[in-house]
Amino acid sequence: MSTAAPPHKAAPPRRTAERRGRSGGRLSNGAFALLLTAPGLALFATIIIYPLISALFTGFFKQDLRLPGREFVGLENFAHWLDGDFLTILKQTMIFTVGATIVPFVIGFALALALNSGLKGSGFLRGLFLFPWVIPGVVVSFLWMWIFNANYGVLNGILMKAGIIEESISWLGQPGTAMLAVIITKTWASFPWMMVMLLAGLQTVPKELHEAAAMDGAGAVRRFFAVTWPQVRGVASIVLLLEFIWNFQHFDTIYVLTGGGPAGSTETFATAVYQTAFKGFDIGRATALGGLWMLLLLLLVVVYIRITERKGDA
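Residues numbered from 1 in each chain as written. Predicted model: local features only at pLDDT ≥ 70, side-chain atom pairs only at ≥ 80, totals over all residues. Heavy atoms only, no water.

1. Some points on the side chain of serine 190
For step 1, the next point in the chain: The residue serine 190 is located in helix H9 (residues 175-202) in this model.
For step 2, the next point in the chain: Overall, the relative accessible area of 3% leaves serine 190 in the buried class.
For step 3, the next point in the chain: Within polar-contact distance, the side chain of serine 190 engages the backbone oxygen of lysine 186 at 2.8 Å.
For step 4, the next point in the chain: Among the polar contacts made by the side chain of serine 190, one reaches the side chain of glutamate 243 at a distance of 3.4 Å.
For step 5, the next point in the chain: Leaving out residues up to four positions away in the same chain, serine 190 has contacts with Ala100, Pro104 and Glu243. (Helix = DSSP H or I, 4+ residues; strand = E, 2+ residues; numbered from the N terminus. Buried < 20%, exposed > 50% of the residue type's maximum accessible area, 1.4 Å probe, protein only. Polar contact = N/O pair within 3.5 Å; in protein donor to acceptor, adjacent residues only side chain to side chain. Contact = heavy atoms within 4.5 Å.)

2. Side note on the packing of aromatic side chains
For step 1, the next point in the chain: Considering all chains together, one arrives at 20 aromatic pairs under this definition.
For step 2, the next point in the chain: Consider the rings of tyrosine 274 and phenylalanine 278, whose centres lie 5.3 Å apart with planes at 45 degrees: the pair is tilted. Of this pair, tyrosine 274 and phenylalanine 278 both sit in helix H13 (residues 269-278), 4 residues apart, roughly one helical turn.
For step 3, the next point in the chain: Using a relative accessible area of 27% as the deciding quantity, one classes tyrosine 274 as partly exposed.
For step 4, the next point in the chain: Taken together, Phe86, Phe244, Phe248, Phe269 and Trp293 form an aromatic cluster joined through their ring pairs.
For step 5, the next point in the chain: In this structure, arginine 70 packs its charged tip against the face of phenylalanine 61, placed 4.1 Å from the ring centre. (Phe/Tyr/Trp six-rings, centres within 6.5 Å; stacked < 30°, edge-to-face > 60°. Lys NZ or Arg CZ within 6 Å of the ring centre and 35° of its normal.)

3. Thoughts on the confidence of the model for the chain
For step 1, the next point in the chain: Per-residue confidence for the chain gives a mean pLDDT of 85; residues scoring 70 or more make up 91%.
For step 2, the next point in the chain: Scored below 50 in pLDDT, residues 16-23 shows 0 contacts in the model against residues more than four places distant or in partner chains. (pLDDT = per-residue confidence, 0-100.)

4. Re the packing of H9 against helix H11 (residues 220-248)
For step 1, the next point in the chain: Packing of H9 against H11 leaves a shortest axis separation of 10 Å and a crossing angle of 150 degrees. One way to sum up the angle between H9 and H11 is to call them roughly antiparallel. In this structure, H9 meets H11 at a crossing whose hand is right-handed. Between H9 and H11, the contacting residues are Lys186, Ser190, Trp193, Met194, Met197, Leu198, Gly201 and Leu202 on the first element and Thr228, Val232, Val235, Ala236, Val239, Leu240, Leu242, Glu243, Trp246 and Asn247 on the second.
For step 2, the next point in the chain: Here the contact of H9 with H11 is composed, by residue class, of 12 nonpolar, 4 polar and 2 charged. (Axes fitted to C-alpha atoms, helices over the stretch in contact; angles between N-to-C directions. Parallel < 35°, antiparallel > 145°, perpendicular 65-115°, else oblique. Left-handed = near helix turned anticlockwise from the far one by under 90°. Nonpolar A, V, L, I, M, F, W, Y, C, P; charged D, E, K, R; others polar.)

5. Quick word on the pattern of salt bridges
For step 1, the next point in the chain: Tallied over the entire structure, the rule returns 3 salt bridges.
For step 2, the next point in the chain: The partner of lysine 186 in a salt bridge is glutamate 243, and the shortest N-O contact between them spans 3.2 Å. On the criterion of sequence distance, the pair formed by lysine 186 in helix H9 and glutamate 243 in helix H11 is long-range, its members being 57 residues apart.
For step 3, the next point in the chain: Across the pair aspartate 282 and arginine 285 runs a salt bridge, and its minimum N-O distance is 3.7 Å. (Salt bridge = Lys/Arg side-chain N within 4 Å of Asp/Glu carboxyl O.)

This is the structure:
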């Protein structure tokens, strides 16, 4: 009597086994994404995170750039500023920031409205108005330093010939006019980009809305507030906030024109940190002021993110 051999399970196909072997060693999506971003994260940590943490840590030490070593002083550097010139520097920074934001915004908005109205030669004018924007900031500062010069400046010459003033004014040499001169210089350099952004926003406003408002008897002013402004308010708010943030940390125009003077009348956070670190050689106090400055900037960044998120949800 013959006995049947026990059935043998069929071996899995070779292709299936190979597929299983490969899938067993495959990286997960999260690990693969981390592997791809690792070089960028390492670079970011090297040039941003580490210097930032190191600088903030330095604010708790007394350290002179001319001498080796440093001494831990806790919050003494921060107290030096908070009990001293911090509010004065904040006030002057805000004066410059608000002035150098509002004035070019008004000029840029007015020019954007004019160019959007079909003004003849608007294409040429648009390119002409962009000229100040493409010039480097240091070059712009030296140009306006020559314009404001008390001895041979163009501005004094024009005003004296027009009979507005009788003698030359030292625009950059006296506290009463230095900040105004700095704001004018920054305005000339920054109004073109605001004009371009606002013009782009104006061109998205449907013409049908203006036509309907005009048929209802609305004049130009009423059409602006009822039709134009509601449509470009989001763009305008982002433009204003971005320019405010940039001006709050602006350095080159102020430093080239006045260096923070005369008598500290144009000193802002940017110039104060530079002067303290590289002319006073006190890196500890400079870093402490930079930390306080960074906290204020973070608040502005949070506001910007909130506005952009709200605009995206709208």
